[in-house]
Amino acid sequence: MQDPANVLSGEQGRALTLSTIAFTTCFAVWTIFSIIGVEIKAELGLNEFQFGLLVATPILTGSLTRLFLGVWTERFGGRIVFSAQMLLTAGATWMLTWASSYLMYLIAALGIGLAGGSFIIGVAYVSRWYRPGKQGTALGIFGAGNVGAAVTKFIAPFVMVAYGWHGVAHVWAIALAAMGIAFYIFAKDEPQLVARRQSGARAPSLAEQFAPLRNLQVWRFSLYYFYVFGGFVALALWMPHYLVDVYSLDIRTAGMAAASFSLAASVFRAYGGHLSDRFGARMVMYWSLGFSAILLFMLSYPPTDYVIQSKNGPIAFSTSLDTTPFVITLFMLGFFMSLGKAAVFKHIPVYYPNNVGAVGGLVGMIGGLGGFLLPIAFGVALDLTGIYTTAFALMFLLVSVSLLWMHLAIRQMERNAEGSARAALPELPEMQGMTRQDGTATASHALQEWRPEDPVFWAEKGRRIARRNLWISIPALLLAFSIWMVWSVVVARLPAIGFDFTPGQLFWLAALPGLSGATFRIFYSFMVPIFGGRLWTTISTASLLIPALGIGYSVQNPETPYFIFLTLALLCGFGGGNFASSMANIAFFFPKAEKGNALALNAGLGNLGVSVMQFLVPVVITTAVFGALGGAPQTMSTGGQLWMQNAGFIWVPFIIISTIAAWVGMNDIADAKASFTEQAIIFSRKHNWIMCILYTGTFGSFIGYSAGFPLLAKIMFPDVNSLQLVFLGPLVGALSRAGTGWVSDRFGGGRVTFWTFLGMIVAVFGVIFFVEISDQPGAFWGFFAAFMALFFLTGVGNASTFQMIPSIMAREVPRLMPQLDKAAMHKQAERESAAIIAFTSAVAAYGAFFIPKAYGTSIALTGTPATALWAFLAFYVLCAALTWAYYTRRGGLLDASTRAAAAAASQA
């Protein structure tokens, strides 16, 4: 492969110059709402939250697409990807002028956000033209394209005064399209891409590109970049609005003043790259985060009046930052943020030269998400407190956490490096102690040897470690289920506090978490062997904070668009996805004899989160749990008050505690590591797909009934206060799952599953009967009792189906892969069992979407949910037939005689 050191300097200069100009143009388009957004805000009469969301929406697209654009650049080359990205963004910018409603503006803003993805394309492209010793400077020069934000603030106000905001959109779209065409014509493919094509070598696979993302330092870099870049973007978008409101400047003056910050946070990035090459990225990061903390503390202090009582009478004085000191301080903040941006990306090409697209894409994506989330947080904080400087206070908190984590990591490095030879330290010393030179984890939390089937090992060491991981996993999973299903209760209360949503819209909100949760599970199914159970449990649990906080803020304003609620409902799917990874993780820890009970406890007590939520939320929304900090109550149509925001906020402290517990107390199993390709063999296993159907019949029913039961009971029996009782259904289902795992271990999962489906058929008959006579006295209690029976049976079936999977694969793997020795065969069966457990849970979770949606469709078409219930009954008949035909009939895979024969064969 061609060495960048042998590339002519003229070709390097061409690549860097074209990329920097292209990135500058893209960045100017990406921040266009910082100027035209002020005009659109007045035109549509937007509140602070709506304005913050509009300004931040392009940042969301630009952030999320970075990961994929980086991977595509590694695969197809920067020239074609960069050009295509610019042309698509130009089209979206032009179409912005066609929007006629707030929702249309948001959709157009998503398209404009593609401009933000240009950064990682350029990083991957430019880094391939330079050797490591010069990459910091080169990427610093390229990153100075952030100055595009200043270009927009300098020029756009004058264009807007002359031609209106439509003129700004048209001019920026034309400029970007022209740059896209010019880049395609004049840029060249990077040397490594040309060499790869000439040699006929294959492009790196997705698994190879994403493999480094399991390393902790990548996520630490992401937090730094969340501040230095995400904070820069957020302040660049927020400052014109801030200066107009706080200092009463006109839009042109405000744009010029805000541009000084954007200019400082952009052009000095090249200098930051040079400093990182010369002094090291660690030192530059200390400068960046340390001085930022001081400056943000100054900016976050609000104008304050003081009165001191002296012997000669009161002495009054005040503190505030006037316009000029404010702009100077902001300029200095931009300078140090600029150095930090360069220092973060100095690390990536050095440590991950073959994965710049994927690693840089993730870091860039997290950083870009800061630009999306922080303006929203600024608006919410302003609405709640009325203090404009809360924006800087939030930034101060963020930079303080980043600085503390970095310093603790460096101190750990220094302690671990004591007595080591200096030459043994890596090129970037701040990473010592976090990774080995080969990039693998050195943390003591990684279990290099794990033999749960060895009785001596299990008794002396294994059981204690496995149980600790289980008891940390259970509360994390309980919180995940609580967040996943929280809409099932919230939607029933929204009309009472002023939200004018139709029953169909409410059923959509109840159903969408099921849809997204099931989809997330497909990906989460394979994450534990790739990232490790400890890291993934930590990340996935922390992600629950996003929907929890979002719900808490959005329900406080009846004017919040339905689109926002749809987005939050989809984000609640993070909780649903956690189940797949949690079950796969716990499956690795326990021996086969205890696996069924362990999985039943993890899943059953985790499922309990639905019941805990349905019991707790109706209680906490009736009182000011968090006082003034939680916000004002909402007035009900009946005259009472509700603190509906507590439905989201109540989970936040528990999520934080559980996240910390997962990171501190859980373990990774080194032998459990596997790529996606190794796990993908389950897609060729017939029994994987059969178990998907059976588990949909048990868990899909449990989670679907949990999501739809509160709203269905409220609609069918409006005169009964059913919301006080609905938590009992998930409670019964969760406890029956946790308490009956031993039954399947003793009598066989297949046999228990078969009889469970027969019982569910009878129970559904009962529900249909009482639905048809819902107007009769006592019908509710019959309906309720039949549903309790259904919930109980789904719990039993959840435990029994998961007990079946390891037993099935213990018999199938020896038959399908007889060439393996005993140890390899056992490892393969364990790996496939864990993957199937996770994947079947992903497929089954779609029940959380289809069951509530089936209720809504059936009621809309026939006026009753009976049609949907008849369809569920027919499905249970199919499940019972499959269980008998494949597993429990005489000669079936799990029949007693078959098990005995298999055991004899294995002993032989």
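Residues numbered from 1 in each chain as written. Predicted model: local features only at pLDDT ≥ 70, side-chain atom pairs only at ≥ 80, totals over all residues. Heavy atoms only, no water.

1. Here we look at the overall build of the chain
Of the regular secondary structure elements, the chain holds 38 helices and 6 strands. Within the chain, buried positions represent 60% of all 908 residues. Across the chain, the fraction of contacts at a sequence separation of at least 24, relative to all contacts at a separation of at least 6, is 83%. On the chain, roughly 34100 Å² of surface is accessible, and the fraction owed to carbon and sulfur atoms is 67%. (Helix = DSSP H or I, 4+ residues; strand = E, 2+ residues; numbered from the N terminus. Buried < 20%, exposed > 50% of the residue type's maximum accessible area, 1.4 Å probe, protein only. Contact = heavy atoms within 4.5 Å. Areas by Shrake-Rupley, 256 points an atom, 1.4 Å probe, with all protein chains shown as cover.)

2. Side note on empty space enclosed by the protein
Gaps between atoms show up when a probe of the same size as a water molecule is rolled over them. Considering all chains together, one arrives at 4 cavities of 30 Å³ or more under this definition. One number sums up the size of the largest cavity: a volume of about 90 Å³. The wall of the largest cavity is formed by Ser473, Ala476, Leu477, Ala480, Val528, Trp536, Thr537, Ser540, Thr541, Asn578, Ser581 and Ser582. Put simply, the parts of the chain that give the lining of the largest cavity at least two residues each are helix 18 (455-484), helix 22 (533-542) and helix 25 (573-589). (1 Å grid on protein atoms, 1.4 Å probe; cavity = no way out; pocket = protein on both sides within 12 Å on 5 of 7 lines; lining within 4 Å. Points joined across faces, edges and corners; volume = space filled by probe spheres on them.)

3. Some remarks on the packing of aromatic side chains
Counting across every chain of the model gives 40 aromatic pairs. Ring geometry for Phe23 against Phe27: centres 5.5 Å apart, planes inclined by 75°, an arrangement best described as edge-to-face. You can see Phe23 and its partner Phe27 sitting in helix 1 (residues 9-30), 4 residues apart, about one turn around the helix. The same class applies to Phe23 and to Phe27, which are both buried. (Phe/Tyr/Trp six-rings, centres within 6.5 Å; stacked < 30°, edge-to-face > 60°.)

4. Details of the confidence of the model for the chain
Mean pLDDT for the chain: 77, with 84% of residues reaching 70 or above. The lowest-confidence element of the chain is helix 38 (residues 896-907), averaging 45 in pLDDT; the highest-confidence one is helix 28 (residues 652-665), averaging 89. Scored below 50 in pLDDT, residues 418-443 makes 39 contacts in the model with residues more than four places away or belonging to other chains. The model gives residues 897-908 a pLDDT under 50, and that stretch makes 7 contacts with residues more than four places away or in other chains. (pLDDT = per-residue confidence, 0-100.)

5. Focus: unusual backbone geometry
Positive phi outside glycine occurs at Ser248, with the angle close to 55°. For Ser248, the location among the structural elements is in the loop between helix 11 (216-247) and helix 12 (251-267).

6. Here we look at the nonpolar core
Trp487 and Phe787 are the most contacted members of the largest nonpolar core, which totals 265 residues. Ranked by residues supplied to this core, first place goes to helix 11 with 21 residues. If near-sequence neighbours (up to four positions away) are discounted, Trp487 is found in contact with Leu494, Leu509, Pro513, Ile551, Phe565, Leu568, Ala569 and Cys572. (Core = buried A, V, L, I, M, F, W, Y, C linked by side-chain atoms within 4.5 Å.)

7. Here's the deal with the pattern of salt bridges
As a working rule, side chains carrying opposite charge can pair if their charged atoms are close by. Applying the stated criterion across every chain yields a total of 1 salt bridge. Measuring nitrogen to oxygen at the nearest pair gives 3.3 Å for the salt bridge that ties Arg451 to Asp454. On the basis of relative accessibility, which here comes to 34%, the residue Arg451 falls in the partly exposed class. When its relative accessible area of 26% is taken as the criterion, Asp454 is described as partly exposed. (Salt bridge = Lys/Arg side-chain N within 4 Å of Asp/Glu carboxyl O.)

8. Observations concerning the side chain of Thr329
Structurally, the position occupied by Thr329 is in helix 15 (residues 323-351). Side-chain polar atoms of Thr329 contact the backbone oxygen of Pro325, separated by 2.8 Å. Among all residues touching Thr329, those that are not within four sequence positions of it are Leu295, Met298 and Leu299. (Polar contact = N/O pair within 3.5 Å; in protein donor to acceptor, adjacent residues only side chain to side chain.)

9. Here's the deal with a nonpolar patch on the surface
A cluster of nonpolar residues, Phe68, Trp72, Phe76, Ile80, Leu87, Ile181, Tyr184, Ile185 and Phe186, forms a patch on the protein surface that exposes about 930 Å² of accessible area. Those elements that place two or more of their residues in the nonpolar patch are helix 3 (48-76), helix 4 (78-95) and helix 8 (148-186). If you tally residues by element for the nonpolar patch, the top one is helix 8, at 4 residues. Tracing the backbone through its elements, the reader meets Trp72 in helix 3. (Patch = residues over 30% accessible without salt bridge, like charges linked within 9 Å, V, L, I, M, F, W, Y side chains within 5 Å.)

10. So, the environment of Lys461
Structurally, Lys461 can be placed in helix 18. Residue Lys461 is classed as partly exposed on the basis of its relative accessible area of 36%. With 10 residues separating them along the chain, Lys461 and Arg451 place their C-alpha atoms 9.8 Å apart.

11. Considering the environment of Arg831
Mapped onto the fold, Arg831 is located in helix 35 (residues 822-844). Sequence-wise, Arg831 and Met809 are 22 residues apart; in three dimensions their C-alpha atoms are separated by 9.6 Å.

12. A closer look at the packing of helix 20 (residues 503-524) against helix 25
Contact geometry for helix 20 and helix 25: axes closest at 7 Å, N-to-C directions at 35°. Read as a crossing pair, helix 20 and helix 25 show a hand that is right-handed. Residues Pro513, Ser516, Gly517, Phe520, Arg521 and Tyr524 of helix 20 pack against Gly573, Phe574, Gly576, Gly577, Asn578, Phe579, Ala580 and Ser581 of helix 25. Tallied by class, residues from the contact of helix 20 with helix 25 come to 6 nonpolar, 7 polar and 1 charged. (Axes fitted to C-alpha atoms, helices over the stretch in contact; angles between N-to-C directions. Left-handed = near helix turned anticlockwise from the far one by under 90°. Nonpolar A, V, L, I, M, F, W, Y, C, P; charged D, E, K, R; others polar.)

13. Some remarks on the packing of helix 33 (residues 749-772) against helix 37 (residues 866-888)
The geometry of helix 33 relative to helix 37 is characterised by a closest axis approach of 9 Å and an angle of 165° between their N-to-C directions. When the axes of helix 33 and helix 37 are compared, the pair comes out roughly antiparallel. The element helix 33 and its partner helix 37 pack so that their crossing is left-handed. For the contact of helix 33 with helix 37, a count of residues per class yields 19 nonpolar, 4 polar and 2 charged. (Parallel < 35°, antiparallel > 145°, perpendicular 65-115°, else oblique.)

14. Quick notes on the environment of Arg737
Relative to the assigned elements, Arg737 resides in helix 31 (residues 728-739). For the pair Arg737 and Phe791, spaced 54 residues apart in sequence, the C-alpha separation works out to 9.8 Å.

15. Observations regarding the side chain of Thr97
You can see Thr97 is positioned in the loop between helix 4 and helix 5 (102-112). For Thr97, a relative accessible area of 13% gives the class buried. Here the side chain of Thr97 touches His170 through a polar contact of 3.4 Å, side chain to side chain. Leave out the neighbours within four places in its chain, and Thr97 touches Trp165, His166, Ala169 and His170.

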